[in-house]
Amino acid sequence: FNQSRTTPRATRSMVSLCARRRGVLLASFKRINNALWRRKLGTTSAFGEIEKPVAISYGSLRETVSRALMKHGASEFVALSIADELCKAERDGAKDHGVRRLEIFCSMLATGTAAGTAEPIIEETTDTIIKADGGGGFAQPCLHLAIPQLIDTAWENGICILTISNCRGILGTLWSPLEQISSTGLIAVGLCNTPAYVAWPGSRKRLLGTNPLGFGWPRRGKPPMVFDQASSVMSRGAMERLASVVGEQQPLPPKAAVDDLGRHVQDPSKGLSGAMLPFGGQKGANVALMVELLSLLAGGNMAFETVKAPGAEGEETDTFSSPTTTKGGGVEADLASMDRGMVFLALSPEFFPGGMTASARAELLFEHMRSGEGKIEDVKVKSTLDMDTYDEQNDFVHSIPRLPGDKRYENRASIEAGEPIFLCPELYETLASLGSQEGDM
């Protein structure tokens, strides 16, 4: 500005204004930085500050998780099957599905709501249909045994369908088995239903699950393109993580949940106790409905069916009457007792008319997707939640086009190159207490 026309008082005011603006910018930067660390590590301290993360190798993490599961009653085979899936999710950056869920598995084992020594029964009902029965245990051992058989059958007959039922608790990610299938050159589809967390459009009553749907496409000489997404605006795990943050919380995206009275809320805790909403309104609800109906082929429960289980004081809860989190280890009653249904479809491209050229043509599409042609340069970020991935729960477009799964592969490569996995101190201590003596990790 023109010094000769500015009075000393005006100069002081100008300097004061600049200082205030600088303070606001620094505070904003600190909030964004803290939010990014919360996304990466999961929690903050009681004072809202970021605690120093704890580094652990992938092998040590897997050993600790499997030891904790065996300590709570799982057989070695069951423990390793679950540990593999939880640690893969943690390694690949999907922390909502990672080792923070170990406590739920251990609680279900300790209370007997899932059989820790159940041996899955795998049988072929026809030449192209395989049925897996979890025996009241977890789905991960079924996947470990049945997916290789699904792959062999699909290559032999061109198509194979696998149904999994009589499983309890958390089924894990869909992208892990889909990636396993598509890595062999097969096209893969996977889906499963969940407990009733999501309201049908126009209602505030929980009726459907978050009902994820996944798809895998093989690529020659490259990792397959795999996506795995919930039918709701955001996954249940992501909402639980937001609700667990101490201090400055990230709000829910618009129209992600309603409270008990049907009012839209952005408080994660109110969203968990109310009802989640499908993405895209009626269109997402239709996808959730399709997943729910196809899951019936596995023979499990539907989400809306009342599944009762003992609550914290021995009372019964159901999927409609109240928040279903029990105090005994944090296990949700409907999650623990619901007979979950999973369906996987594998297709061999070689058996189809366009199968021989489909791979090359798909690569042309992927090149266009990654080229950045027509990309939006000026990106207005409205949320710091999951900034490095495009997510239906956010209202922004990111300036670096990616294929589904690219970020997952990037995270994996860094761990396989020798970088450690970082855990927040609270989670580290929880794993230590579940699986070993303090400091043994």
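Before reading on, note that the structure itself is shown above.
Quantities reported herein were computed from a predicted structural model and do not represent experimental measurements. Residue numbers run consecutively from 1 along every chain, following the written order of its sequence. Reporting of local features is limited, given that this is a predicted model, to residues whose pLDDT is at least 70; pairs of side-chain atoms are given and counted only at 80 or more, and all residues count toward the totals for whole chains, interfaces and linings. Heavy atoms throughout the structure, all of them, feed into the side-chain values; hydrogens and water do not.

> Provide a residue-level description of the packing of helix α2 (residues 58-71) against helix α3 (residues 76-91), including the pertinent values.
A pair of packed helices is captured by two measures, namely the crossing angle of their axes and the spacing between those axes. Close contact between α2 and α3 brings their axes to 8 Å; oriented N to C, the two are set at 140°. Between α2 and α3, the angle is such that the two are oblique. In this structure, the crossing between α2 and α3 has a hand that is right-handed. Where α2 approaches α3, its residues Tyr58, Leu61, Arg62, Val65, Ser66, Leu69 and Met70 are matched on the opposing element by Glu76, Ala79, Leu80, Ile82, Ala83, Asp84, Leu86, Cys87, Lys88, Glu90 and Arg91. Lys, Arg, Asp and Glu make up the charged group, whereas Ala, Val, Leu, Ile, Met, Phe, Trp, Tyr, Cys and Pro make up the nonpolar group; the residues left over, Gly among them, are polar. For the contact of α2 with α3, a count of residues per class yields 11 nonpolar, one polar and six charged. For helices, the fitted line uses only the C-alpha atoms of the stretch in contact; every axis is such a line through C-alpha atoms, and the angle between N-to-C directions lies from 0 to 180 degrees. Put simply, DSSP H or I for four residues or longer makes a helix, DSSP E for two residues or longer makes a strand, and each gets a number counted from the N terminus. Our angle categories are set so that under 35 degrees counts as roughly parallel, over 145 as roughly antiparallel, 65 to 115 as roughly perpendicular, and the remainder as oblique. By convention, the crossing between two helices is left-handed when the near helix turns anticlockwise from the far helix through less than a right angle, and right-handed when the turn is clockwise. Should any heavy atoms of two residues lie within 4.5 Å, those residues are considered in contact.

> Before we move on, could you go through a negative patch on the surface and cite the residues and values that matter?
A surface patch of negative charge is lined by Glu124, Asp127, Asp152 and Glu156. Overall, the relative accessible area of 60% leaves Asp127 in the exposed class. Patches draw on residues past 30% relative accessible area with no salt bridge. Two like charges within 9 Å are joined, as are two nonpolar side chains (Val, Leu, Ile, Met, Phe, Trp, Tyr) within 5 Å. To be clear on the numbers: accessible area is Shrake-Rupley with a 1.4 Å probe, and residue cover counts the displayed protein chains and nothing else. Any Lys or Arg side-chain nitrogen located within 4 Å of an Asp or Glu carboxyl oxygen qualifies as a salt bridge. Under the convention used here, Asp and Glu are negative, Lys and Arg are positive, and both His and the chain ends fall outside the count. A charge is said to be at NZ when it belongs to Lys, at CZ for Arg, at CG for Asp and at CD for Glu. In this scheme, a residue with accessible area under 20% of its type's maximum is buried, one over 50% is exposed, and one in between is partly exposed, where area comes from a 1.4 Å probe on protein chains only.

> How would you sum up the side chain of Ser232? Please name residues and give values.
Relative to the assigned elements, Ser232 resides in the loop between β9 (222-229) and α7 (236-244). Assessed through its relative accessible area of 0%, Ser232 is described here as buried. In protein, a polar contact requires one atom able to donate a hydrogen and another able to accept it; more generally it is a pair of N or O atoms within 3.5 Å, and residues adjacent in sequence count only if both atoms are side-chain atoms. Here Met234 takes part through its backbone oxygen, which lies 2.7 Å from a polar atom of the side chain of Ser232.

> Which residues make up helix α4 (residues 102-111), and what are the values?
Burial analysis of α4 places seven of its 10 residues in the buried class, which makes it a mostly covered element. Within α4 the residues assigned to the buried category are Leu102, Ile104, Phe105, Cys106, Ser107, Met108 and Leu109. One or two positions beyond α4, positive phi appears at Gly112, with a value near 80°.

> Run through helix α9 (residues 282-295), naming residues and quoting values.
Expected helix span is computed as 1.5 Å times (number of residues minus one). Helix length check: α9 (14 residues) gives 20 Å between terminal C-alpha atoms against 20 Å at 1.5 Å per residue, within 8%. Where α9 is buried, its residues contact β5 (187-192), β7 (206-208), β8 (213-219) and β14 (340-347).

None of this, on its own, says anything about what the molecule does.
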